[in-house]
Amino acid sequence: YGSRCLEAENVAQECLLGVAMRSADRLKLAQKATTLSKQARVSEHEYYAGVEQMNRAQTVFDAQMSQVLCVLQDMDEKRAKCLKDGLMKLAVYETSWLRNLQYDLEATVKASESADPYKDLQDFIQQHRSKVRRRDATTMFAPPPFFNF
């Protein structure tokens, strides 16, 4: 738009300054100036239409962008809530696991404190003692012959 206006202005100035020119040349120059002026005017209308179209697009963009940003904010808030819930569940799980571990450890300590190795060994011997009488300590063993096997 600007270059067309500048070109039309220059040709019009040449036409005004060309008083000493022949009238046929001046007429051609005037026709060229008129044509360029019309082209500049058409370019001006196209420019204004483009500006108007850009303004409408900017209005639509502004309206849509606010909606998009609201949706993105909502999604981010939901993501943060999910992360918070997950971390809380993890904390509860870890605390429960630690409590169970502490309970098991305390039970192990109590069991080890109440253990009596000597009594346990004697109980084991009593439970697994053979009912068969022991042979006399003076009795010697003799290997049996092979045909008794």
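All of these numbers come straight from a predicted model, not from anything done at the bench.

Asker: What's the story with the overall build of the protein in this structure? I'm lost.
Answerer: Scanning the protein for helices and strands turns up three helices and zero strands. Counting from the amino terminus, helix and strand elements in the protein follow one another as α-α-α. With 149 residues in all, the protein has 7% of them scored as buried. As displayed, the protein offers around 13,900 Å² of accessible surface, 60% of which is attributable to carbon and sulfur atoms.

Asker: Quick question: what am I supposed to make of the packing of aromatic side chains here?
Answerer: For any two aromatic rings, the description comes down to two numbers: the centre-to-centre distance and the angle of the planes. For the structure on display, the rule yields one aromatic pair. With a centroid separation of 5.8 Å and 50 degrees between ring planes, the pair formed by Tyr47 and Tyr48 is classed as tilted.

Asker: I would appreciate a short explanation of helix α2 (residues 23-113) in the present structure.
Answerer: Owing to its 3.6 residues per turn, the α-helix aligns residues three or four sequence positions apart on the same side. Look at α2: 129 Å from first C-alpha to last across 91 residues, which is about the 135 Å you get at 1.5 Å a residue. Of the residues making up α2, those classed as buried are Leu29, Ala33, Leu36, Ala40, Ser43 and Glu44.

Asker: Please clarify how the side chain of Glu44 should be interpreted in this entry.
Answerer: With respect to the element layout, Glu44 can be found in helix α2. Within the structure, the side chain of Glu44 is placed 2.6 Å from the side chain of Arg41, a separation counted as a polar contact.

Asker: Looking at this model, I keep getting lost on the nonpolar core. Mind explaining?
Answerer: Buried together is how nonpolar side chains tend to be arranged in soluble globular proteins. Counting five residues, the largest nonpolar core consists of Ala8, Val11, Leu29, Ala33 and Leu36. Mapped onto this core, the elements with two or more residues apiece are α1 (2-17) and α2. With near-sequence residues (within four places) excluded, Val11 lies in contact with Leu29, Lys32, Ala33 and Leu36.

Asker: Is there a simple way to explain a nonpolar patch on the surface in this structure?
Answerer: Taken together, the side chains of Phe61, Met65, Val68, Leu69, Val71, Leu72 and Met75 define a hydrophobic patch exposed on the protein surface, amounting to about 630 Å² of accessible area. Mapped onto the fold, Phe61 is located in helix α2. By relative accessible area, Phe61 is classed as partly exposed at 42%.

Asker: Honestly, the pattern of salt bridges in this entry has me stumped. Any pointers?
Answerer: Any two side chains of opposite charge can pair if their charged atoms end up close together. Tallied over the entire structure, the rule returns five salt bridges. For Asp76, the salt bridge goes to Arg79, with nearest N and O atoms at 2.8 Å. Pair noted here: Asp76 and Arg79 are both in helix α2, with a separation of three residues, about one helical turn. According to the relative accessible area criterion, Arg79 is partly exposed, its value standing at 48%.

Asker: Would you take a moment to explain the confidence of the model for the protein for this structure?
Answerer: Low pLDDT marks stretches whose predicted atomic positions should not be read closely. Residues with a pLDDT of 70 or more make up 87% of the protein, whose mean pLDDT is 85. When mean pLDDT is compared element by element in the protein, α2 scores highest at 91, while α1 scores lowest at 74.

Rules behind the numbers
Residues numbered from 1 in each chain as written. Predicted model: local features only at pLDDT ≥ 70, side-chain atom pairs only at ≥ 80, totals over all residues. Heavy atoms only, no water. Helix = DSSP H or I, 4+ residues; strand = E, 2+ residues; numbered from the N terminus. Buried < 20%, exposed > 50% of the residue type's maximum accessible area, 1.4 Å probe, protein only. Areas by Shrake-Rupley, 256 points an atom, 1.4 Å probe, with all protein chains shown as cover. Phe/Tyr/Trp six-rings, centres within 6.5 Å; stacked < 30°, edge-to-face > 60°. Expected span 1.5 Å × (residues − 1). Polar contact = N/O pair within 3.5 Å; in protein donor to acceptor, adjacent residues only side chain to side chain. Core = buried A, V, L, I, M, F, W, Y, C linked by side-chain atoms within 4.5 Å. Contact = heavy atoms within 4.5 Å. Patch = residues over 30% accessible without salt bridge, like charges linked within 9 Å, V, L, I, M, F, W, Y side chains within 5 Å. Salt bridge = Lys/Arg side-chain N within 4 Å of Asp/Glu carboxyl O. pLDDT = per-residue confidence, 0-100.

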